[in-house]
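Structural characterization, general
For reference, the chains in residue letters:
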Amino acid sequence: MRARFAFAGALLAGVCCAVSAQSVPTTFGTIIGNGLLCRDHTDNIYYYNYLVRHFGNWYKHEGGAYWFRTAGASLWGTEVSEVMVSDDTSTFIFVGAVAEATPENLEKAIIQQVGTHYTVIDTSAYPVREAKPASRIVYFDTKSKIYCAKYKPLPPVPPPPVRQRLK
C-alpha cells in the first residue's frame, strides 16, 4: 500500500513539475514571431498582456520598454531570452526580442524558416538589417536584437470651427 502512495506521489510531483516547466505557450511563434516580423498589427498593450499572462511580470523597465525574461522560448530555431514591449512614453509602438545568435545567424534562420530576407541599410562595423515592411535586426553585444517599431498613431484632431457669416 505504501508503495502505491509513493508511486502516486511521485507521479503527481512529475506532473506538477512538467506543467510548470511548460511556460512557453504554443502560440509564442505565431504571436511574438509575427509581431517581430511586422506581419501583424503592433499593439503594445496586447503584447504586454500576453507576456504577463504567459511569462509573469516584467523584470526591468528601461529605454521606454518593459523587459520580460522568456526562458525556454525560441523563434526560427533560435533561443530568445528576452522580449521587450514599448511603454507609452515612446513615440513608437514596438515589440522586440533578444536572440542568442549573431545578427548573421538570426537572419539565416529567419530566411530558412520564413523566407523573409533582410537588407543591410548602413555601412557601419555593426550594420543594421531591415526587411519589408520594417522589421530590423541589430547587434546587441555578442547577440542580436530583432524588433518591429511603428509610429504611435495620434489621436484624432477635431477640425477647426467653421465660421459663419453673420447677416
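Data block above holds the structure.
Report follows, based on the coordinates. (Residues numbered from 1 in each chain as written. Predicted model: local features only at pLDDT ≥ 70, side-chain atom pairs only at ≥ 80, totals over all residues. Heavy atoms only, no water.)

Let's talk about the overall build of the protein chain
The secondary structure content of the protein chain amounts to four helices and nine strands. Tracing the protein chain from N to C terminus, the helices and strands come up as α-α-α-β-β-β-β-β-α-β-β-β-β. Counting all 167 residues of the protein chain, 36% fall into the buried class. For the protein chain, contacts bridging at least 24 residues in sequence account for 50% of all contacts bridging at least 6. Within the structure as shown, the protein chain displays about 10900 Å² of accessible surface, and the carbon and sulfur contribution to it stands at 58%. (Helix = DSSP H or I, 4+ residues; strand = E, 2+ residues; numbered from the N terminus. Buried < 20%, exposed > 50% of the residue type's maximum accessible area, 1.4 Å probe, protein only. Contact = heavy atoms within 4.5 Å. Areas by Shrake-Rupley, 256 points an atom, 1.4 Å probe, with all protein chains shown as cover.)

Concerning the nonpolar core
Among the nonpolar cores identified, the biggest contains 27 residues, and Phe28, Ile32, Trp76 and Ile146 are the most heavily contacted of them. Looking at this core, the elements with two or more residues in it are helix H2 (28-36), helix H3 (44-55), strand S2 (65-69), strand S4 (78-86), strand S5 (92-99) and helix H4 (103-113). Apart from the residues lying within four places of it in its own chain, the contact partners of Phe28 are Gly33, Tyr50, Phe55, Thr70, Ala73, Ser74, Leu75, Val80 and Val83. Among the nonpolar cores identified, the runner-up in size contains five residues, and Ala65, Trp67, Met84 and Val98 belong to it. (Core = buried A, V, L, I, M, F, W, Y, C linked by side-chain atoms within 4.5 Å.)

Observations concerning the pattern of salt bridges
Scanning the model with the defined rule gives five salt bridges in all. A salt bridge links Glu100 to Lys143; the nearest nitrogen and oxygen atoms lie 3.3 Å apart. Placement of Glu100 in the loop between S5 and H4 and of Lys143 in strand S9 (residues 143-151) is noted, with a sequence separation of 43 residues between them. Its relative accessible area of 33% is what places Glu100 among the partly exposed residues. (Salt bridge = Lys/Arg side-chain N within 4 Å of Asp/Glu carboxyl O.)

Some thoughts on the environment of Ser144
As for its placement among the helices and strands, Ser144 is situated in strand S9. Since its relative accessible area comes to 0%, Ser144 is described here as buried. When the C-alpha atoms of Ser144 and Glu107 are compared, they prove to be 9.8 Å apart, with 37 residues separating the residues in sequence. Discounting chain neighbours no more than four positions away, the residues touching Ser144 are Ala97, Val98, Ala99, Ala101, Thr102, Pro103, Leu106, Ile137 and Val138. Here the side chain of Ser144 touches Ala101 through a polar contact of 2.9 Å, landing on its backbone oxygen. (Polar contact = N/O pair within 3.5 Å; in protein donor to acceptor, adjacent residues only side chain to side chain.)

Some thoughts on H3
Under the 1.5 Å per step criterion, the end-to-end length of H3 is 16 Å for twelve residues, consistent within 8% with the ideal 16 Å. Here H3 has its buried residues at Asn44, Tyr47, Tyr50, Leu51 and Phe55. For H3, the buried positions fall inside an angular range of 130° around the axis, keeping them on one side. Exposed and oriented more than 90 degrees from the buried face of H3 are Ile45 and Arg53. Structurally, H3 contributes buried residues whose contacts are with H2, S2, S4 and S5. (Expected span 1.5 Å × (residues − 1). Arc of directions from axis to C-beta.)

A word on the state of the cysteines
Scanning the entire structure with this criterion turns up one disulfide. A sulfur-sulfur distance of 2.0 Å marks the disulfide that ties Cys38 to Cys148. Torsion about the S-S bond of the Cys38 and Cys148 cystine: about 120°, corresponding to right-handed handedness. Linking Cys38 in the loop between H2 and H3 with Cys148 in strand S9, this pair joins segments that are 110 residues apart in sequence. Given a relative accessible area of 6%, Cys38 falls into the buried group. (Disulfide = S-S within 2.5 Å.)

Quick look at the side chain of Ser135
Along the chain, Ser135 turns up in the loop between strand S7 (129-130) and strand S8 (136-140). A distance of 2.8 Å separates a polar side-chain atom of Ser135 from the backbone oxygen of Leu36.

Let's talk about H2
Every buried residue of H2 is listed here: Phe28, Ile31, Ile32, Gly33, Gly35 and Leu36. A positive backbone phi angle near 60° is found at Cys38, which sits one or two residues after H2.

As far as function goes, none of this settles anything; it's purely spatial.
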